[in-house]
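Coordinate inspection notes
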Amino acid sequence: MLSVKQLVCFLLSLLSFLSVFYSVGKLGVFLATPCRAQRTVTQALPATHAELQAALFPLFFNSVWVVLFVLQHSFMRADRVKRFWSAIGLELAERSLYNIASSYCLLLLLKNWHSPPTQYRLWFFDVDGNTTLWWVMVGAHVLSWIVVYGGSLMVDLPELIGLKHVYYDINDLAPPMSYKSHQLQSYYKRYRHPSFVALTVVLWFTNGMTIDRCLLAVVWSVYMYLAWNTTKEDLKYQQAQLERKRTELVRVSE
């Protein structure tokens, strides 16, 4: 029989699962949608003071949502926040609440994103008249998201979403992270998102890099670079695991 706490945490974990996949799907469509040709503007940046003012307000508005997402992503990882969830009896839902908050911050960003009235572009390639280029762009985004989702499965997606915490508690087991090695626990504290390269591709690989899109790409790329601070010990751990897998595969093939 589930307790009220377990039932609440289970529902939150389901909401976490749905929110993450929906918000990331919306982000994927937002980043992969190609820019259309615009004949009225040829310059990459505003040329007059009036044009600059007209472009700055949407950029400032968008910056608020970008910074909100970054702050939420960092703040809710703090130990004091985790202690707060434990104090009110929601330690099982800590991962779920983190994912739900991240998802809705992302949805707020996408819903309220304002593009400048004039789309100044740092570069532009017309994909409407070039089928090959269009498929290259779409294929790169699809492949990158496959890498991201595949990497999520490899880093224990049920635990990352929050489902595993509730399942283990229902079955009177210790928290799932306690069954992992100390090296892996240390690695997960610094790096839980898969593939820096794949996420960089979906941010920067576009046929039309507008100023507002460039703002998003720069802030998130810098944040990923600074936040995912793997160490030499993490690299040694990954190399050791890779050698272990190779040895196991050789034994199986023999």
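See the structure printed just above.
Residues numbered from 1 in each chain as written. Predicted model: local features only at pLDDT ≥ 70, side-chain atom pairs only at ≥ 80, totals over all residues. Heavy atoms only, no water.

1. Remarks on the nonpolar core
The biggest cluster of nonpolar side chains holds 28 residues, and the ones touching the most others in it are L27, L109, W145, L199, L216 and W220. Contributing elements (two or more residues each) for this core: α1 (4-32), α2 (49-75), α4 (94-111), α5 (131-154), α6 (157-161), α9 (196-204) and α10 (211-227). Broken down by element, this core gets its largest block of residues, six residues, from α10. Those residues in contact with L216, other than ones at most four positions away along the chain, are F30, L31, V66, L109 and W113. (Core = buried A, V, L, I, M, F, W, Y, C linked by side-chain atoms within 4.5 Å. Buried < 20%, exposed > 50% of the residue type's maximum accessible area, 1.4 Å probe, protein only. Helix = DSSP H or I, 4+ residues; strand = E, 2+ residues; numbered from the N terminus. Contact = heavy atoms within 4.5 Å.)

2. Side note on the pattern of salt bridges
The full count for this structure, using the stated rule, is one salt bridge. For the salt bridge of K5 with E91, the shortest nitrogen-to-oxygen distance reads 2.4 Å. Here K5 is found in helix α1, whereas its partner E91 is found in the loop between α3 (79-87) and α4, with 86 residues between them in sequence. Overall, the relative accessible area of 32% leaves E91 in the partly exposed class. (Salt bridge = Lys/Arg side-chain N within 4 Å of Asp/Glu carboxyl O.)

3. Quick look at the side chain of S96
Position of S96 among the secondary structure elements: in helix α4. Assessed through its relative accessible area of 0%, S96 is described here as buried. Each residue touching S96, except ones within four places of it in the same chain, is listed here: L12, S13, S16, I161 and G162.

4. Digging into the packing of aromatic side chains
Within this structure, the stated rule accounts for 10 aromatic pairs. When the centroid spacing of 4.8 Å and the interplanar angle of 45 degrees are considered together, the rings of F17 and F21 count as tilted. Of this pair, F17 and F21 both sit in helix α1, four residues apart, which is roughly one turn of the helix. Judged by its relative accessible area of 31%, F21 is partly exposed. A ring pair is formed by W145 and Y149, whose centres lie 6.5 Å apart and whose planes are at 45 degrees; its orientation type is tilted. Here Y149 and W145 lie together in helix α5, a separation of four residues that amounts to about one turn. (Phe/Tyr/Trp six-rings, centres within 6.5 Å; stacked < 30°, edge-to-face > 60°.)

Function cannot be inferred from these measures alone, as they are strictly geometric.
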